[in-house]
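What the coordinates show
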Amino acid sequence: MGSESPSEVAVHITGFGRFHGVPENPTEGIVGWLEHFMQEKGLPQGLRLGSCSVLETAGEGALASLYRVLESAVPQISTNSGRVIWVHFGVDGSSSCFAVEKQAVNEATFPCPDELGWKPMRVPIIASDGGISQVRQTTLPVDDIVKALAKTGYLARTSLDAGRFICNYVYYHSLWFAEQHGFDSLFVHVPPFETINKESQMKFVACLLDALASLP
């Protein structure tokens, strides 16, 4: 989506497909519509929209495909001195606002089986990374990002609990992988479209991209 300059921020996006109780996942729509939406609106100066991928709503059984998505940004890191950020979107069906997740916990405890039938209980997400109390935090300034979003009128909050289901599972792996390869990772929970409509959520994502492009 355009040539890179050494100083630009490359942002890669993921969402999820359907899962138990959410036959239409808003994050799948966000990922599918984002490129066209940003072409019409215009990207923030200094930001390039990279890949937009829909992840299977599963843990262990979908791990290989998750890492293929994450690894797709690695060659760009080696040839570009600019920042690379992965932004993962997930839905929180009970929320009425946007939650920017500061951390993930090394624990998989799924309240129901994932889309491939896996239902772990108190299992370390990455066994070699410590026990289930191990926490990884994003390197991005979440509080500053939330403040920037609030200034644009969006009800967003900093969250310290991404749950113990697929969202936390993906975020933990992404944070671990980010540390190995020198990029940043962020997870954002969004409400269903019935709570905040599609147009408003797309505008929120555009404001989030503005905030990321403005980071020092």
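All figures in this text were calculated on a predicted structure; none of them were measured in a lab.

1. Quick look at the overall build of the chain
Helix and strand counts for the chain stand at 6 helices and 8 strands. Relative to the globule expectation of 17 Å for 216 residues, the C-alpha radius of gyration of the chain, 16 Å, shows essentially globular dimensions. Its C-alpha atoms put the chain at 45 × 40 × 25 Å along the principal axes. For the chain, buried positions account for 53% of its 216 residues. Excluding contacts between residues fewer than 6 apart, the proportion of contacts in the chain whose partners are at least 24 apart in sequence is 79%. When the accessible area of the chain is evaluated, it comes to approximately 9600 Å², of which 51% is carbon and sulfur surface. A distance of 5 Å separates the average location of the 15 positive side-chain charges in the chain from that of its 23 negative side-chain charges.

2. Considering the sheet that holds strand 7 (residues 156–159)
Overall, mixed pairing links the 6 strands, which are arranged 2-1-3-8-4-7 in an open sheet. Here the strands that pair on one side only, and so sit at the sheet edges, are strand 2 (47–55) and strand 7. For this sheet, the mean angle separating the axes of adjacent strands, direction not counted, is 25°. Taken together, the 3 bridges between strand 4 (residues 98–101) and strand 8 (residues 184–190) define a ladder with antiparallel strand orientation. Bridge assignment links valine 100 to a residue of strand 8, and that residue is valine 188. Against the sheet, helix 5 (residues 166–181) contacts strand 1 (9–16), strand 2, strand 3 (84–91), strand 4 and strand 8, and its axis sits at roughly 165° relative to strand 8.

3. Some remarks on empty space enclosed by the protein
A full pass over the atoms with the stated rule returns 1 cavity of 30 Å³ or more. There is about 50 Å³ of room inside the largest cavity. Mapped by element, the contributors of at least two residues to the lining of the largest cavity are helix 2 (63–71) and helix 5. Each residue belonging to the lining of the largest cavity can be placed in one class, and the counts come to 7 nonpolar, 2 polar and 1 charged.

4. Digging into helix 1 (residues 26–41)
Residue leucine 34 marks the point of greatest curvature in helix 1, where the axis turns by about 50°. Against strand 1, strand 2, strand 3, strand 8 and helix 6 (198–213) lie the buried residues of helix 1. Positive backbone phi, at 100°, marks glycine 42, one or two positions downstream of helix 1.

5. Observations concerning the pattern of salt bridges
Enumeration over the complete set of coordinates arrives at 8 salt bridges. Lysine 102 is paired through a salt bridge with aspartate 143; the nearest N and O atoms lie 3.2 Å apart. Pair noted here: lysine 102 is in the loop between strand 4 and strand 5 (103–105) and aspartate 143 is in helix 4 (residues 142–151), with a separation of 41 residues, a long-range link. A relative accessible area of 36% places aspartate 143 in the partly exposed class. One connected set of salt bridges, linked through shared partners, spans Glu107, Asp161 and Arg164.

6. Comments concerning the packing of helix 1 against helix 6
In the contact formed by helix 1 and helix 6, the axes pass within 10 Å of each other and the chain directions differ by 70°. Classed by the angle they form, the pair helix 1 and helix 6 counts as roughly perpendicular. Classified by chirality, the crossing of helix 6 by helix 1 is right-handed. Taking contact as the criterion, the partners of Ile30, Trp33, Leu34, Phe37, Met38 and Lys41 in helix 1 are, on helix 6, Lys198, Glu199, Gln201, Met202, Lys203, Val205, Ala206, Leu209 and Asp210.

7. Describing the packing of aromatic side chains
What the rule picks out here adds up to 13 aromatic pairs. Judged by centre distance (5.6 Å) and plane angle (75°), the rings of tyrosine 154 and phenylalanine 204 are edge-to-face. Within this pair, whereas tyrosine 154 is found in the loop between helix 4 and strand 7, its partner phenylalanine 204 is found in helix 6, the two being separated by 50 residues in sequence. Of the two residues, tyrosine 154 and phenylalanine 204, neither departs from the other in class, the shared state being buried. An aromatic cluster is present here, built from Phe19, Phe110, Trp118, Phe165 and Tyr169 joined pairwise through their rings. Sitting above the plane of the tryptophan 33 ring, lysine 198 keeps its charged end 3.8 Å from the centroid.

So, how was this worked out
- Each chain has its residues counted from 1, following the order in which its sequence is written.
- Only residues with pLDDT of at least 70 are given local features in this predicted model, and only at 80 or more are side-chain atom pairs given and counted; all residues enter the totals for whole chains, interfaces and linings.
- To get the side-chain values, all heavy atoms of the structure are used, and hydrogens and water are removed first.
- Strands are runs of DSSP state E lasting at least 2 residues, helices are runs of H or I lasting at least 4, and numbering of each runs from the N terminus.
- It is over C-alpha atoms that the radius of gyration is taken, and the globule rule equals 2.2 Å times the number of residues to the power 0.38.
- Residue burial is assigned from relative accessible area. The probe radius is 1.4 Å, only protein chains are included, and a residue is buried under 20% of its type maximum, exposed over 50%, and partly exposed in between.
- Here, two residues are considered to be in contact whenever any of their heavy atoms come within 4.5 Å of each other.
- We get accessible surface area from the Shrake-Rupley algorithm with a probe of 1.4 Å; when it comes to residues, only the shown protein chains can shield them.
- For the purpose of counting charges, residues Lys and Arg are taken to be positive, whereas Asp and Glu are taken to be negative. His and the chain ends are not included.
- Where a charge lies is defined by one atom per residue type, namely NZ (Lys), CZ (Arg), CG (Asp) and CD (Glu).
- Pairs of strands are assigned from DSSP output, requiring at least two bridges between the strands.
- Each axis is a line fitted through C-alpha atoms, taken for helices only over the stretch in contact, and angles between the N-to-C directions span 0 to 180 degrees.
- In this analysis a 1.4 Å probe is tested at points of a 1 Å grid over the protein atoms alone, and where it fits but cannot get out there is a cavity; an open set with protein on both sides within 12 Å along at least five of seven lines is a pocket; lining residues have an atom within 4 Å of a point.
- Grid points are joined across faces, edges and corners, and a volume is the space filled by probe spheres set on the points.
- Side-chain classes follow a simple rule in which Ala, Val, Leu, Ile, Met, Phe, Trp, Tyr, Cys and Pro form the nonpolar group, Asp, Glu, Lys and Arg form the charged group, and the remainder, Gly included, forms the polar group.
- We define the bend at any residue as the angle between the axes fitted to the seven residues before and including it, ending there, and the seven starting there.
- By convention in these notes, a salt bridge is any Lys or Arg side-chain nitrogen within 4 Å of a carboxyl oxygen on Asp or Glu.
- Roughly parallel refers to an angle under 35 degrees, roughly antiparallel to one over 145, roughly perpendicular to one between 65 and 115, and oblique to any angle outside these ranges.
- Rotating anticlockwise by less than a right angle from the far helix to the near helix defines a left-handed crossing, while the corresponding clockwise rotation defines a right-handed one.
- Two aromatic rings, drawn from Phe, Tyr or Trp (for Trp, its six-membered ring), form a pair once their centres lie within 6.5 Å of each other, and the interplanar angle then sorts them: stacked below 30 degrees, edge-to-face above 60, tilted otherwise.
- The criterion for a charge sitting over a ring is simple: Lys NZ or Arg CZ within 6 Å of the ring centre, and within 35 degrees of the ring normal.

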